[in-house]
Amino acid sequence: MNVKIENLDWMSYRELVENGQSRILIPVGAIEQHGPHMSLNPDVLIPQHLACKVAERAGGMLVAPPIAYGYKSQVKSGGGNFFPGTTCVSSHSLEEYVYDIILAFVEHGNRDFILINGHFENSMCLVEAADRVVKQARLSGKEVKVILLSYWDFISEATVGKVFPEGFSGWAVEHGGVLETSIMLKIHPELVDMSRAVDIPPAEFPPYDIFPPDPSWVPESGTLSSPSKATAEKGEWILDECIEKIATTFS
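Residues numbered from 1 in each chain as written. Predicted model: local features only at pLDDT ≥ 70, side-chain atom pairs only at ≥ 80, totals over all residues. Heavy atoms only, no water.

## Here's the deal with the side chain of T223
No. 1: Structurally, T223 is set in the loop between α7 (178-187) and α8 (232-250).
No. 2: Taking the relative accessible area as the measure of exposure, T223 reaches 1% and is therefore buried.
No. 3: Within the structure, the side chain of T223 is placed 2.7 Å from the side chain of S221, a separation counted as a polar contact.
No. 4: Among the polar contacts listed, one links the side chain of T223 to the backbone oxygen of S225, at a separation of 3.4 Å.
No. 5: Setting aside its immediate chain neighbours within four residues, T223 contacts Q33, H34, G35, H37, H175, G176 and I200. (Helix = DSSP H or I, 4+ residues; strand = E, 2+ residues; numbered from the N terminus. Buried < 20%, exposed > 50% of the residue type's maximum accessible area, 1.4 Å probe, protein only. Polar contact = N/O pair within 3.5 Å; in protein donor to acceptor, adjacent residues only side chain to side chain. Contact = heavy atoms within 4.5 Å.)

## Quick look at the environment of P66
No. 1: Relative to the elements of secondary structure, P66 occurs in the loop between β2 (61-63) and α3 (75-78).
No. 2: Ignoring sequence-local partners within four residues, the contact set of P66 consists of P27, V44 and Q48.

## Overview of the pattern of salt bridges
No. 1: Applying the stated rule across the entire model yields 11 salt bridges.
No. 2: For K53, the salt bridge goes to E56, with nearest N and O atoms at 3.9 Å. One end of the pair is K53 and the other is E56, both in helix α2 (residues 42-58) and 3 residues apart, which spans about a single turn.
No. 3: Since its relative accessible area comes to 48%, E56 is described here as partly exposed.
No. 4: With a shortest N-O distance of 3.8 Å, K76 and D209 are connected by a salt bridge. Here K76, found in helix α3, pairs with D209, found in the loop between α7 and α8; they are 133 residues apart in sequence, far enough to count as distant.
No. 5: Where salt bridges share partners, they join E95, E96 and R132 into one cluster. (Salt bridge = Lys/Arg side-chain N within 4 Å of Asp/Glu carboxyl O.)

## Overview of the packing of aromatic side chains
No. 1: Considering all chains together, one arrives at 5 aromatic pairs under this definition.
No. 2: Aromatic side chains F105 and F113 sit 6.4 Å apart centroid to centroid with 45° between the ring planes, which places their arrangement in the tilted category.
No. 3: Ring geometry for F168 against W171: centres 4.9 Å apart, planes inclined by 75°, an arrangement best described as edge-to-face.
No. 4: A residue is classified by how much of its surface remains accessible, and F168, at 30% relative accessible area, is partly exposed.
No. 5: For W171, a relative accessible area of 35% translates into the label partly exposed.
No. 6: Just above the ring of Y99 sits the side chain of R132; from NZ or CZ to the centre is 4.0 Å. (Phe/Tyr/Trp six-rings, centres within 6.5 Å; stacked < 30°, edge-to-face > 60°. Lys NZ or Arg CZ within 6 Å of the ring centre and 35° of its normal.)

## Focus on the side chain of T181
No. 1: Along the chain, T181 turns up in helix α7.
No. 2: Excluding anything up to four places from it in sequence, T181 contacts H37, M38, G176, V192, M194, P227 and A230.

In structure tokens, the structure reads:
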């Protein structure tokens, strides 16, 4: 079954959603540098891939086109906005965009949504959009449910131990590192060039933020840890666990 909404004609789509029988999965990511070895769009492609695989496995789900532009890259989680290619929007813009999209789907008959986040900085913007959607729909007599998840929260300590046998430095410095690179090597190897991967120690940051941000805090490569030990096999371990857990939890 085709699970991508954009590939359906409008009549087929109407039949699948008009009575609220389909759950709508919305991948939300960002266009953001991920080092010299990888494309700008892992934060979009990873949640989209997960959404499609979950929908295929669980049934009764459709996948919306991904929201590609995310909230501003932060120095200590995404390297900041210093790098050409990193193209971000304000919290207000992202919140309003997600809010409008979900309300449009509500008008089609949809009542049940899962936002699959692939960009850490998006989180609170999505919380606010979801909260407003539920309240607005209720005012017009529609009961809507929105689930918000970030895929990395479904990765167990056991899998982390397999992926990082020499020790895990923490999610905060995994930007452009082993985790994202391994997943991309599995789903889009043509967008990864490991010959350009920069082997660096995990970035270290002070326990505060400063504005305007200081570019000297960020490694020149843009990655916050080394991707050198990434493999497609590790990506498969991560994906298999996330797909199974998300599909089982929400089927």
